Amino acid sequence: MSELTHAPAQRRSIGGQLLGGSQLVLGVILAVLCIAISIAAPQFYSEANIIAILRQCALVLIVASGMTMLIITAEVDLSVGASLAFVGCIGMAVLNSTHSLALGMLAALAFAGGVGLFNGLVVTRLRVNSLIATIGTMMMLQGGVYLFTREAVQNHNQLASFTDLGAGYVGAVPVPVILAALIFAVAYVTLRFTTLGRYLYAVGANERAVRLSGLRSEWLKLFAFVVTGLCVGVAGMILSSLMNAGQPTAGRGFELTVIAAVILGGTSLLGGRGSLFGTLLGVLVLKVIDNGIIILGWNQDLQMVVPGVVIILATYLDIIRNKANVR
């Protein structure tokens, strides 16, 4: 038991100092980006553009909140982009059939949670590496969505509640931003202040110690996979609301943006260390860059290049942080 309580705690103490430094750097980078883009394109600070950035950040942050918890346990899910597209199609199909947003949301959450459960069982029961397991799931979902529908599932009901899910406001705040803030807050409290959060960090830092203490590390990882899936379910329905349809091609490359934001925020791919606040900063940096590419009139293919570069650089920085931890 002492190995579980003291070793991860010591690592979190060292890692926390490094995370604090990296978050400060990210904050400075974000400020510099905002100033530079606004000088080149004053419309950057227009109300419409800020709302557009917040909506895009909300979609990524919802899934990144779950992904942060998962990567902290030293696992990863590459199927979230493919699942996002499938979720939107299923949710829209159920919405069209039942004329009920609640049933559409339940179907989307059930499917996405089921995908997370499947991934978790493959990893924990079959002992398949999560990278390989979720690539396999991604391929099945990408093909499966076309077995489900060959074209976009259009919205035939025009329910105001469904439209509000993606485009609505509560006061001056977009609904997706409120949903993202709620999910982020729950995940933050779970990781920061609960015993469950400490166990998630512990299983990533030292899974053997967790097992010796009598805890089931498999259940903790399974929990993180399912939570990530449920977050995809929420984001998928918001995206289908914004597009007013379930698109089989939606979500391509989404997983790269999510993982890039999490790693950029300081969460270690080796597990045991990470911060949701860092993830939030990572999301903001990536989406501000995306927005800058658009309003500056640059080639929009750069939006796919940037996450790739970020993943490489952030992983290299993670290696440096891990070496510092060893010392």
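Refer to the structure above for everything that follows.
On a predicted model such as this, the values are computed, not experimentally measured, just so you know. (Residues numbered from 1 in each chain as written. Predicted model: local features only at pLDDT ≥ 70, side-chain atom pairs only at ≥ 80, totals over all residues. Heavy atoms only, no water.)

Peer 1: How should the packing of aromatic side chains be read in this particular structure?
Peer 2: The relative placement of two aromatic rings is captured by the distance of their centres and the angle of their planes. All told, the structure shown has five aromatic pairs when counted by the stated rule. The interplanar angle of 20° and the centroid separation of 6.2 Å between the aromatic rings of Phe-184 and Tyr-188 together place this pair among those described as stacked. Here the residue Phe-184 and the residue Tyr-188 both occupy positions in helix α7 (residues 175-193), the gap between them amounting to four residues, near one helical turn. Here Phe-184 falls in the buried class, since its relative accessible area comes to 15%. Overall, Tyr-188 belongs to the partly exposed group, its relative accessible area being 32%. Pairing Tyr-188 with Phe-193 gives two aromatic rings, centres 6.2 Å apart and planes at 70°, and the pair type is edge-to-face. By the ring-pair criterion, three or more aromatic residues cluster together here, those being Phe-86, Phe-111 and Phe-148. Here the guanidinium or amino end of Arg-55 rests over the ring plane of Tyr-169, the centre of that ring lying 5.1 Å away. Arg-125 extends its terminal NZ or CZ atom over the ring of Trp-219, reaching a point 5.9 Å from the ring centre. (Phe/Tyr/Trp six-rings, centres within 6.5 Å; stacked < 30°, edge-to-face > 60°. Helix = DSSP H or I, 4+ residues; strand = E, 2+ residues; numbered from the N terminus. Buried < 20%, exposed > 50% of the residue type's maximum accessible area, 1.4 Å probe, protein only. Lys NZ or Arg CZ within 6 Å of the ring centre and 35° of its normal.)

Peer 1: Explain helix α12 (residues 276-295) to me, please; I cannot follow it from the model alone.
Peer 2: Since there are 3.6 residues in each turn of an α-helix, residues three or four apart along the chain are aligned in direction. Taking 1.5 Å of rise per residue, 20 residues should cover 28 Å, and α12 covers 28 Å from first to last C-alpha, within 8% of that figure. When you tally the buried positions in α12, you get 14 out of 20 residues, the bulk of the element. Two or three places before Phe-277, at the opening of α12, Ser-275 has a side-chain oxygen 3.2 Å from that residue's backbone nitrogen. (Expected span 1.5 Å × (residues − 1). Polar contact = N/O pair within 3.5 Å; in protein donor to acceptor, adjacent residues only side chain to side chain.)

Peer 1: What is the right way to look at the packing of helix α3 (residues 80-98) against helix α4 (residues 101-124) in this model?
Peer 2: Packed helix pairs are characterised by how far apart their axes lie and by the angle those axes make with each other. One can describe the packing of α3 onto α4 by two numbers: an axis separation of 8 Å at closest approach and a directional angle of 150°. As the angle between them shows, α3 and α4 are arranged roughly antiparallel. Our pair here, α3 against α4, has a crossing hand that is right-handed. Contacts between α3 and α4 involve Ser-83, Phe-86, Val-87, Ile-90, Gly-91, Val-94, Leu-95 and Thr-98 from the first element and Leu-101, Leu-103, Gly-104, Ala-107, Ala-108, Phe-111, Ala-112 and Val-115 from the second. Residues that form the contact of α3 with α4 fall into these classes: twelve nonpolar, four polar and no charged. (Axes fitted to C-alpha atoms, helices over the stretch in contact; angles between N-to-C directions. Parallel < 35°, antiparallel > 145°, perpendicular 65-115°, else oblique. Left-handed = near helix turned anticlockwise from the far one by under 90°. Contact = heavy atoms within 4.5 Å. Nonpolar A, V, L, I, M, F, W, Y, C, P; charged D, E, K, R; others polar.)

Peer 1: I keep staring at the environment of Ile-37 and nothing clicks. Help me out?
Peer 2: Note on placement: Ile-37 falls in helix α1 (residues 2-40). Overall, the relative accessible area of 8% leaves Ile-37 in the buried class. Through-space distance from the C-alpha of Ile-37 to that of Val-288 is 8.8 Å; in sequence the pair is 251 residues apart. Every residue in contact with Ile-37, bar those within four places of it in the chain, is listed here: Phe-44, Val-288, Gly-292 and Ile-295.

Peer 1: Is there a simple way to explain the pattern of salt bridges in this structure?
Peer 2: Side chains that carry opposite charge are capable of pairing whenever their charged atoms lie near each other. This structure, assessed with the given rule, holds seven salt bridges. Measuring nitrogen to oxygen at the nearest pair gives 3.0 Å for the salt bridge that ties Arg-211 to Glu-207. One end of the pair, Arg-211, and the other, Glu-207, are both in helix α9 (residues 207-212), four residues apart, so they sit about a helical turn from each other. Linked through salt bridges whose partners overlap, the residues forming this network are Glu-75, Arg-127, Glu-207, Arg-211, Arg-216, Glu-218 and Lys-221. (Salt bridge = Lys/Arg side-chain N within 4 Å of Asp/Glu carboxyl O.)

Peer 1: How should I be thinking about unusual backbone geometry in this particular structure?
Peer 2: Note: most peptide bonds trans; most residues except glycine with negative phi. At Ala-74, a position not held by glycine, the phi torsion is positive, near 75°. If you trace the backbone, Ala-74 turns up in the loop between α2 (47-72) and α3. Not every positive phi belongs to a glycine, and Arg-127 is a case in point at roughly 60°. By secondary structure assignment, the location of Arg-127 is in the loop between α4 and α5 (130-148).

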